[in-house]
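# Summary of structural features
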Amino acid sequence: MQTTVDEVQAREARHILQTYRRAPITFVRGAGVHLYDAEGGEYLDLLSGIGVASLGHAHPGLARAIADQAQTLLHTSNLFYHPLQGQLGERLAHLSGLPRAFFCNSGTEAVEACLKFARRYWYTRGEVRKEIVALEGAFHGRTFGSLSVTADEHYRAPFEPLLSGVRFVPLNEPAALLSAVSRSTAAIIAEPVQGEGGVRPLTPAFAEAIREACAQTGALFIADEVQSGLGRTGSPFYFTTLGLKPDLVSVGKALGGGVPVGAALISEAVAATISFGDHGSTYGGNLLACRAGLCVLDALVAGGLLAHIGRVGRHVEQRLKAMAAKHAIIKHVRGVGLMWGLALTCDAAPLVQAALARRVIVNRTAETVVRLLPPLIITEAEADEALHRLDAALGDVGGTA
Ligand SMILES: Cc1ncc(COP(=O)(O)O)c(C=O)c1O
């Protein structure tokens, strides 16, 4: 296998659709919070493949579970039963309070499913409700439905026309939300913590407005927890921290620990309006995906990871705030648990580059925000070392006050 960066890049340039602007690094191996490039260089990973490698890289328990499942049975389709899908649905029901799951393979598919189920709910009830209220700064995915509720013009414009009837309201402005939601609104969709939008949690006042708008109009609430869910914020879902009770929840990313799996979690009232054949997926919830999901949830709940995230998260928060006090280019530190954003006074790209040069992986989002989504298993000592390197990178780009 040829692995030098030049060879890999040349082959991709010929045969891979050029939709990603990749950093010039080829990773070939991982262990815990570490990634190793083709030349043996070791990196500290504060991004976990954009919030996916929840148990870190090459987690022995997950690796064993996947290998065991591969030697037993991987896939049978949803034409038949297998023992694991119901088990994962049951575990997610206990964590979310939403009794039913529909499994798919990615975050965007989970959002699509939620949007379809919201439409189906009003169709079954015989009420014409075509409007969706979404938030400015939102990111829900790249397929047509998800893109229609994603605010960024840059993502939307080349693919219009998108779904009609979507209204965007400013994040954390309760009055704007209350005036946008009416008896024509099928659903409000929001990320409890906006990820791509720059790590922006909903405020308690805005959460209260969502609750009030839904209570007054009957509109459904879809919580997109693809990035913020399954432990990332220190609780299973951030909507519970906000005191919200969604009718539909989308999950993905962390659930499979790297094996593609997504799910829409559904209230009984919505589930009762769905019929056989309304939605489906060939791969969705196959044995491999469910086995990985069960392994991740085992670690999260029985394995004590939730408490660990809370503890390490508070430590990281202190460190980041100390960094902000030292470096003038850090305007705000936002986040919770192990989901953090450093909002800078300038473009975040040079700092991300400088961090990579110091062998620590973070990324840029919303142009001026450096985002941290480390593996959930990161220890305080590992976080200290990674943040020490980020601190040095801040010095490299001239960020010291
Ligand atoms: C909140 C949220 N929803 C949906 C998605 C789409 O997920 P995927 O890329 O797995 O389709 C993302 C991806 O970043 C996300 O952050």
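Let me sum up the structure you'll find in this document. (Residues numbered from 1 in each chain as written. Predicted model: local features only at pLDDT ≥ 70, side-chain atom pairs only at ≥ 80, totals over all residues.)

## Considering the environment of F168
- Here F168 lies in strand β6 (residues 166-169).
- A tally of 17 C-beta atoms within 10 Å means that F168 is categorised as partly exposed.
- For F168, the residues in contact, after removing those within four places along its chain, are A134, L135, E136 and A151. (Helix = DSSP H or I, 4+ residues; strand = E, 2+ residues; numbered from the N terminus. Buried ≥ 20, exposed ≤ 12 C-beta atoms within 10 Å, placed from the backbone. Contact = placed C-beta atoms within 7 Å.)

## Overview of the nonpolar core
- Ranked by internal contacts, the top residues of the largest apolar core, which has 123 residues, are I188, I210, L248 and A263.
- Two domains each put at least three residues into this core: domain 1 (5-58 + 304-396) and domain 2 (73-300).
- Among all residues touching L248, those that are not within four sequence positions of it are C114, F117, A118, L220, I222, A264, L265, I266 and V270. (Core = buried A, V, L, I, M, F, W, Y, C linked by C-beta atoms within 7 Å. Domains from an automatic or database assignment.)

## Things to note about the sheet that holds strand β4 (residues 100-104)
- If you trace the seven strands from one edge of the open sheet to the other, you get β4-β12-β11-β10-β7-β5-β6, paired in mixed fashion. Two strands lie at the open edges of the sheet, namely β4 and β6, each paired on one side alone. Shown here is a sheet whose adjacent strand axes are inclined to one another by a mean of 20 degrees, direction ignored.
- Sheet topology places β4 next to strand β12 (residues 262-266); five bridges connect them, and they run antiparallel. When the bridges of β12 are listed, C104 appears paired with G262.
- Of the strands in this sheet, β4, β7 (185-190), β10 (220-224), β11 (248-251) and β12 are in contact with helix α5 (residues 107-124), which crosses β12 at around 30 degrees.
- Along the sheet, helix α9 (residues 204-217) makes contact with β7 and β10, crossing β7 at roughly 165 degrees. (Pairing = 2+ DSSP bridges. Axes fitted to C-alpha atoms, helices over the stretch in contact; angles between N-to-C directions.)

## With respect to the site of the ligand
- Taken together, 15 residues lie around the ligand, and G107, T108, G141, V226 and Q227 are the ones closest in.
- Tallied by class, residues from the shell around the ligand come to four nonpolar, eight polar and three charged. (Near = placed C-beta within 6 Å. Nonpolar A, V, L, I, M, F, W, Y, C, P; charged D, E, K, R; others polar.)

## Some points on the sheet that holds strand β14 (residues 339-344)
- As summarised here, the arrangement of the four strands in space is β13-β14-β17-β16, forming an open sheet in which the pairing is antiparallel. Because the sheet does not close on itself, it has two edges, and the strands there are β13 (330-336) and β16 (363-365). Taken pair by pair, the neighbouring strands of this sheet meet at an average axis angle of 30 degrees, ignoring direction.
- Strands in contact with helix α13 (residues 305-326) are β13 and β14; relative to β13, the strand with the most contacts, it is inclined by about 175 degrees.
- In the packing of helix α14 (residues 349-357) onto the sheet, the strands contacted are β14, β16 and β17 (369-372), and the crossing angle to β16 comes to about 165 degrees.

## Thoughts on the pairing of β7
- Most of β7 sits out of view: six of its six residues are buried.
- Summarising the sheet, strand β5 (residues 131-135) and β7 pair through three bridges and their orientation is parallel. Each bridged residue has a counterpart across the sheet, and for E131 the counterpart in β7 is T185.
- Here β7 runs beside β10; their pairing, made up of four bridges, is parallel.

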